[in-house]
Structure formats: C-alpha cells, structure tokens
Amino acid sequence: MAEDKSIEEILDTIGDQHARRVLAAISREAQSAKELAEECDLSLPTVYRRIELLDEYDLVTDHTLVAEDGNHYKVYESNFESTVISLEDEEYKVRIYREENLPDRFSQLWDELNPE
C-alpha cells in the first residue's frame, strides 16, 4: 500500500513529469491508455509504464469496458483525493487520502483527540 512506501519513492513517482500529466488527466475523468497518450502527447509505451508505476503505489485503478465491436479495453482513474506531506518528529510522512476511507480517518482522528 502506498502509505507504507518511503517518502522518496512516492516523491520520485509523483515528481515524474509524465506521471503527473497522466494523474492530472485521469483525475478529471477515467480514460483509456490510448486516450491518455493523445491527451498527454505521450507514446503508448510511456503511458503504460507510468500507469504501471502509479499502480505500484496504488494511485490508480482500472476498469474493463467492452467496446461496441466486442473488444475489451481498460480505462484508468485516479485512486485518491489528495496527498499531504508533513514533518512529524523530525521525519517526513506522506498521507494519501482516499474518498472511500473518510469514515475510518474520522474515527482515527476522534480516537487520537479523545484518548481513553
């Protein structure tokens, strides 16, 4: 999971210009690799490499769709809402916030604010 990765690994990933362009595009709407290549002006192999890298850090999800001709293809979308880089106890931490875990984060925050 991305939360377990080092700050350097995550910053290297999102620091890559092509990866950022792909992330920006799929944060607006789910797109196929071909659509991403066209929108981001990247080669298809470059798009696939960046998607693979982003997937390694759980920053993208994919869904398989069926075209009118019966062929299957994947569309990709961003798998997070925001990231926060903070300095805690002289150590940098990266938090990746996902929409689906908002209630869990609220519970965790509540527990931290109200110790037993």
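The rules behind the values
Residues numbered from 1 in each chain as written. Predicted model: local features only at pLDDT ≥ 70, side-chain atom pairs only at ≥ 80, totals over all residues. Heavy atoms only, no water. Helix = DSSP H or I, 4+ residues; strand = E, 2+ residues; numbered from the N terminus. Expected span 1.5 Å × (residues − 1). Buried < 20%, exposed > 50% of the residue type's maximum accessible area, 1.4 Å probe, protein only. Arc of directions from axis to C-beta. Patch = residues over 30% accessible without salt bridge, like charges linked within 9 Å, V, L, I, M, F, W, Y side chains within 5 Å. Areas by Shrake-Rupley, 256 points an atom, 1.4 Å probe, with all protein chains shown as cover. Salt bridge = Lys/Arg side-chain N within 4 Å of Asp/Glu carboxyl O. Lys, Arg positive; Asp, Glu negative; His and termini not counted. Charge placed at Lys NZ, Arg CZ, Asp CG, Glu CD. Pairing = 2+ DSSP bridges. Core = buried A, V, L, I, M, F, W, Y, C linked by side-chain atoms within 4.5 Å. Axes fitted to C-alpha atoms, helices over the stretch in contact; angles between N-to-C directions. Parallel < 35°, antiparallel > 145°, perpendicular 65-115°, else oblique. Contact = heavy atoms within 4.5 Å. Nonpolar A, V, L, I, M, F, W, Y, C, P; charged D, E, K, R; others polar.

**Focus: helix H4 (residues 44–56)**
Thinking step 1. When the terminal C-alpha atoms of H4 are compared, their 18 Å separation across 13 residues agrees well with the 18 Å that a helix rising 1.5 Å per residue should span.
Thinking step 2. What H4 keeps buried is the set Thr46, Val47, Arg50, Ile51 and Leu54. Projected down its long axis, H4 carries its buried residues within an arc of 130 degrees, all on one side.
Thinking step 3. Asp58, located one to two residues past H4, shows a positive phi value of around 60 degrees.

**A word on a negative patch on the surface**
Thinking step 1. Residues Glu8, Glu9, Asp12, Glu52, Asp55 and Glu56 make up a contiguous surface patch of negative charge.
Thinking step 2. On the accessibility criterion, Glu52 (59% relative accessible area) is exposed.

**Focus: the sheet that holds strand S2 (residues 60–66)**
Thinking step 1. Sheet architecture is open: 3 strands sit in the order S1-S3-S2, paired in antiparallel fashion. The open sheet terminates on both sides in strands that have one partner only, identified here as strand S1 (31–32) and S2.

**Regarding the pattern of salt bridges**
Thinking step 1. Within the structure shown, the criterion is met by 3 salt bridges.
Thinking step 2. Put simply, Arg28 and Glu39 hold a salt bridge, and the shortest N to O gap is 2.5 Å. Here the residue Arg28 occupies a position in helix H2 (residues 17–28), and Glu39 occupies one in helix H3 (residues 33–40), the gap between them amounting to 11 residues.
Thinking step 3. Accessibility expressed as a relative area gives 58% for Arg28, which makes it exposed.

**Things to note about the pairing of strand S5 (residues 91–97)**
Thinking step 1. In the sheet, strand S4 (residues 82–88) pairs with S5 via 7 bridges, with the strands oriented antiparallel. Paired with Val84 across the two strands is Arg95, which belongs to S5.

**Re the nonpolar core**
Thinking step 1. Val22, Ile26, Leu36, Val47, Ile51 and Leu54 are the most contacted members of the largest nonpolar core, which totals 22 residues.
Thinking step 2. Broken down by secondary-structure element, the contributors of at least two residues to this core are helix H1 (7–15), H2, H3, H4 and S5.
Thinking step 3. Here the element with the most residues in this core is H2; it accounts for 5 residues.

**Digging into the packing of H1 against H2**
Thinking step 1. Here H1 crosses H2 at 75 degrees, and the two axes come no closer than 5 Å. Our classification of the angle between H1 and H2 gives roughly perpendicular. Of H2, the residues touching H1 (which contributes Thr13, Ile14 and Gly15) are Gln17, Ala19, Arg20 and Leu23.
Thinking step 2. Here the contact of H1 with H2 is built from residues that sort into 3 nonpolar, 3 polar and 1 charged.

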